[in-house]
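# Summary of structural features
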Amino acid sequence: MKKIFFYIVSLLAVTNISGQETIYPAAAQKETIALTNATIHVGNGQVINNGTVVLTNGKITEVGSGVSTSGAKIIDCAGKHIYPGLILASTQLGLVEIPSVRSTADGSEIGEMNASIRSIVAYNTDSKIINTLRTNGILLANVIPDGGIISGSSSVVQLDAWNWEDAAYRTDVAIHFRMPSLLNRNRGRGGFGGGQQPAVDPVKRGLEQIENVKIFFREAKSYLAEGKHENTNLKFEAVRNLFDKKQKLFIHCNIVKEMLLAVDFAKEFDFDVVLVGAVDSWQIADILKQNNIAVILDQLHNLPTMVDDDIDQPFKTPAVLQKAGVMFTLNDNDESARYRNLAFNAGTAVAYGLTKEEALSAITLNTANILGIADRTGSIEKGKDANIVVSEGDILDMRTNIITHAFIQGRQVDLNNKQKQLAERYQHKYGIK
Amino acid sequence: MVLGKITYPFISYGWEEMPKQENILIKNATVWTSEKEGKLEATDVLVKNGKITAIGKNLTDATAKIIDGTGKHVTAGIIDEHSHIAAGSINEGGQSVTSEVRISDNLNPEDINIYRQLSGGVTSSHILHGSANTIGGQTQLIKLRWGADDNDLKFAGADGFIKFALGENVKRSSSTQGNTRFPDTRMGVDQVLMDAFQRASDYQKSWKAAEENNKKKGATPMTVRRDLELDALVEIMNKKRFITCHSYVQSEINAAMKVADKFGFTVNTFTHILEGYKVADKMKAHGANASTFSDWWMYKVEVVDAIPQNASIMSKVGLNVAINSDDGEMARRLNQEAAKSVKYGGMTEEDALKMVTINPAKMLHVDSKVGSIKIGKDADLVLWSDNPLSIYAKAEKTIVDGTIYFDREKDAAMRIQSRTERARLVQKLAAAKRTAGGGAAGANFQRARPRLEIINACGDHNFHNHALLAVDADEAEENN
């Protein structure tokens, strides 16, 4: 009976009679799996031709050419390419379902100093978007809170889970500081009209707010240095791990002035600082390198800042950072395509100066490094979690990014999604394939 | 006093001297014709007097500038069916039917995005009104002749089009003040259309009656007050003006076609049309074209069922399908947006390219002039570094009417020119500040402020980043 039931369930899964609700998170890996005869892109720059990856109990146990596959279920990947699961470095996936509908948005809290806010508790594993990312090779994401000046902490999730506890891959990896803009920009239209001067000098106001953040951290430091407290301060407690460097400070900022102030935070408090956004980071790559500041470039597919900037500046910024030796990752935070084009942002960076393997590192191993999970994922190396995608061809090019298999912690992920199901529904209607 | 050089247009990347039409022979390239000839390897293309005059092997022409296309690819220039660049403003939001207003009256030839989009191989853009109104206004097809004035940007001899819109934006669902204007529902949008065409129909009847009457000898002359709003709608009913209709969900698409059927016209194009795959058979029966996004979804309720297989399903049902941008940034990657149908829908590469070349040309009624590489057509061509559907492809040269408007080598020189001019102006500012009294209160010296770049869009784009200094037109209005 059990067998028959299992048979019916599998049949449903294969024929997509039901909706996304029956795309189940996979059970723990039981059987050893060997992916054979593939081109393996390790994630650290190396490429192994005609190689094999063996996955056992959720871990990568063998990588290379000519490794033993005895006892393993063989998946022949001849002609295919194997990559580490791609990682979104900074996203509101699972917090904001439909950005224009307020009741579906749990991404942005009220208040300026919300250090104790935690994104993980609101992460919705049933978001319809998640499965469309897996189909494009994305298997992990750092889910970030927005709003205010100190927005709270982000956590890394894996994208095949029943609930947020299952999804949690590493919690509270970073505190997010949204630096007030120091852009001295006019209000209103700039096109024909030219705009008006702002009522309050934004630079002056911004600097005051930034000073307040420093005061917050100085007070937190004093508070944390004390052994006992009569009254517990949740906000100060929330940044304890920053001072221990068990957590990083992600500073969201873009222009040079702002980034230089961000470097000050690294210096004064000895924090591990990561810049998010960092549109103009190409102008100070050397300074970022000297101060060991990492960068998350938010979205490559963007226009240049200024009319007189090089027209392809955003596309070539990664190559500038790479050359300067800055630790950086590429991110996709496009709220229209909903983050699925991460690999193609990296592909564009290749057209403008990175090598393909450097671009791959920028969405896998570098990201894992920045998120503090490189000991567990980000590359296809023995001992790491089996977070792996198999693609028909080059994953960075949309013509060949066709994901045939994905594994998260060795569990084979169902690659169906709501969109495939809708396509099938209407292909059925028209009698087309 | 030292003045800067005058450039066309007078901003960065303006030309000191306008580029000229040339005879050009591209040798030994892979030529994607977007015609039944398909993709031709090791082929030459000859351009003379702004037209394509020969396609073949071993062509020669003593008057032509030779461009070596070895290892490179040539396609027809990309055509963007839905764009808002080069426009001063796009929404006349006072009422829901504004068929009288015209984009041609407020083109902005100084929009840097004209030049940036040339760098992505775009040669023609259909500039539309926004989607605040059920009937937004008369559109303007332009060619990206960077440096030309507003009149010379216009695509000569093209049919007139008009922008319609349905759904959330027309209902003003996202308005922060709430909506107080009719319509507030899709039911209301339907009636706005019914009412508009009923009025136009009656208007046309009164004109005809007046004409009949005035032909009669001795009759008291009748006059009808001319109504510019209704004139444009009468043109639609007489098939002299054609609709591109912003639309998303199946109910509204269906309803709009019923209105058109009743008044005897066809909705030429449904644009955006993210649920087109649900009613593709009905659209085909009606005779509509479809112009869509490749992979956008889930940023508002009317796009929760949008799927990236949309373009390929509509194509398989037999519709003429284009991929559009509606976006100042994405337009320069339209070749790659088209390529996504290879991934999601299993479309062939040649068919995918057609979605940004000959297919939009057909739906804009200009396929006799542009959209493919064919003898006699306008020489609107792109020379690509790689397979044009590849993420790695860069447009090296973009040619409009036989004039090279974008050249990656020349662009490198213009960057230096732009930087030099910027440095000169900064020095000048600094010197003014140092002058006695220059930096004092009340003097003429002001701190430099960057100019914001207004990005016009259908109001769907608050979720797509553009650039640090870019603001959505709606946001700019609110800030004012």
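Residues numbered from 1 in each chain as written. Chains lettered and ligands numbered in written order. Predicted model: local features only at pLDDT ≥ 70, side-chain atom pairs only at ≥ 80, totals over all residues.

## Things to note about the domain arrangement of chain B
Residues and elements named next belong to chain B. Which entries qualify depends on this criterion: Those domain boundaries reflect an automatic or database domain assignment. Remark: residues whose backbone-derived C-beta atoms lie within 7 Å of one another are considered to be in contact. Segments assigned H or I by DSSP are reported as helices when at least four residues long, segments assigned E as strands when at least two residues long, and all are numbered from the N terminus. The classification used treats Ala, Val, Leu, Ile, Met, Phe, Trp, Tyr, Cys and Pro as nonpolar, Asp, Glu, Lys and Arg as charged, and all other residues, Gly among them, as polar.
Partitioning chain B into structural domains gives domain 1 (1-77 + 371-433) and domain 2 (78-366). Between the C-alpha centres of domain 1 and domain 2 the distance comes to 29 Å. Counting residues at the interface gives 28 residues for domain 1, matched by 33 residues for domain 2. Counting only elements with at least two residues in the side of domain 1 that touches domain 2, the list comes to β5 (73-76), β16 (395-400) and β17 (403-407). Top element by residues in the side of domain 1 that touches domain 2 is β16. It accounts for three residues. Among the residues making up the side of domain 1 that touches domain 2, the classes are represented as 17 nonpolar, nine polar and two charged.

## Some remarks on the domain arrangement of chain A
Residue and element names in this part refer to chain A. Domain annotation for chain A reports domain 1 (24-84 + 378-415) and domain 2 (86-377). Computed over C-alpha atoms, the centres of domain 1 and domain 2 are 29 Å apart. With 28 residues of domain 1 at the contact, the number on the domain 2 side is 31 residues. Among the secondary structure elements, those contributing two or more residues to the side of domain 1 that touches domain 2 are β5 (81-84), β14 (388-391) and β15 (403-408). Among the elements that take part in the side of domain 1 that touches domain 2, β15 stands out by supplying three residues, more than any other.

## Regarding the packing of helix α3 (residues 186-215) of chain B against helix α5 (residues 250-263) of chain B
Residues and elements named next belong to chain B. For the record, the criterion: Geometry is summarised by axes, namely lines fitted to C-alpha atoms with helices restricted to the contacting stretch, and by angles between N-to-C directions that run from 0 to 180 degrees. Convention used here: angles under 35 degrees read as roughly parallel, angles over 145 as roughly antiparallel, angles from 65 to 115 as roughly perpendicular, and any remaining angle as oblique. Crossing handedness is read from the near helix: turned anticlockwise from the far helix by less than a right angle, it gives a left-handed crossing, and turned clockwise, a right-handed one.
At a minimum axis distance of 10 Å, the contact between α3 and α5 shows a crossing angle of 15 degrees. The orientation of α3 with respect to α5, classified from their angle, is roughly parallel. Like other packed secondary-structure pairs, α3 and α5 cross with a definite hand, here right-handed. Contact residues: α3 offers Arg 186, Val 189, Asp 190, Leu 193, Met 194, Phe 197 and Ser 201, while α5 offers Ser 251, Glu 252, Ala 255, Ala 256, Val 259 and Phe 263. Classifying every residue of the contact of α3 with α5 gives eight nonpolar, two polar and three charged.

## Overview of the interface of chain A and chain B
Listed as interface residues are 54 residues of chain A and, on the opposing side, 63 residues of chain B. Residue assignment for the side of chain A that touches chain B shows that the elements contributing at least two residues are α10 (342-351) and α13 (418-430) of chain A. The biggest single contributor to the side of chain A that touches chain B is α13(A), with six residues. Its residues placed into classes, the side of chain A that touches chain B shows 24 nonpolar, 18 polar and twelve charged.

## Thoughts on the pairing of β15(A)
Side chains on a regular strand alternate between the two faces of the sheet. Residue and element names in this part refer to chain A. What counts here: DSSP calls a pair of strands paired once it identifies at least 2 bridges connecting them.
Sheet topology places β14 next to β15; four bridges connect them, and they run antiparallel. In the strand pairing of β15, Ser 391 is matched with Ile 403. Sheet topology places β15 next to strand β16 (residues 411-412); two bridges connect them, and they run antiparallel. Across the sheet, residue Ile 408 finds its bridge partner in β16, namely Arg 411. Joining the antiparallel neighbours β15 and β16 is a turn of two residues, in which Gln 409 adopts a positive phi near 50 degrees.

## Focus on α3(B)
Residues and elements named next belong to chain B. The criterion, for reference: To estimate the expected span of a helix, subtract one from its residue number and multiply by 1.5 Å. Any residue whose C-beta has 12 or fewer other C-beta atoms within 10 Å is treated as exposed, any with 20 or more as buried, and any in between as partly exposed, C-beta atoms being built from the backbone.
A rise of 1.5 Å per residue sets the reference length of α3, with its 30 residues, at 44 Å; its end C-alpha atoms lie 44 Å apart and thus fit the reference within 8%. Listed in full, the buried residues belonging to α3 are Val 189, Val 192, Leu 193, Ala 196, Phe 197 and Ala 200. Contacts from the buried residues of α3 go to β8 (135-138), α4 (228-237) and α5.

## As for the sheet that holds strand β7 (residues 122-127) of chain B
Residues and elements named next belong to chain B. With respect to topology, three strands assemble into an open sheet ordered β6-β7-β9, the strand pairing being mixed. The open sheet has two edge strands with one neighbour each: β6 (78-83) and β9 (140-143). Adjacent strand axes in the sheet meet at a mean angle of 20 degrees when their direction is disregarded. In this structure, β6 lies alongside β7, joined through four bridges in parallel fashion. Looking across to β7, one finds that Asp 80 is bridged to Ser 125.

## Remarks on the confidence of the model for chain B
All names here are of chain B. Rules: On a scale of 0 to 100, pLDDT captures the predictor's confidence in every residue.
For chain B, the average pLDDT comes to 93, and 93% of its residues sit at 70 or higher. This stretch, residues 476-480, has a pLDDT under 50; its non-local contacts, to residues over four places away or in other chains, come to eight contacts. In the predicted assembly, ipTM is 0.94 and pTM is 0.95.

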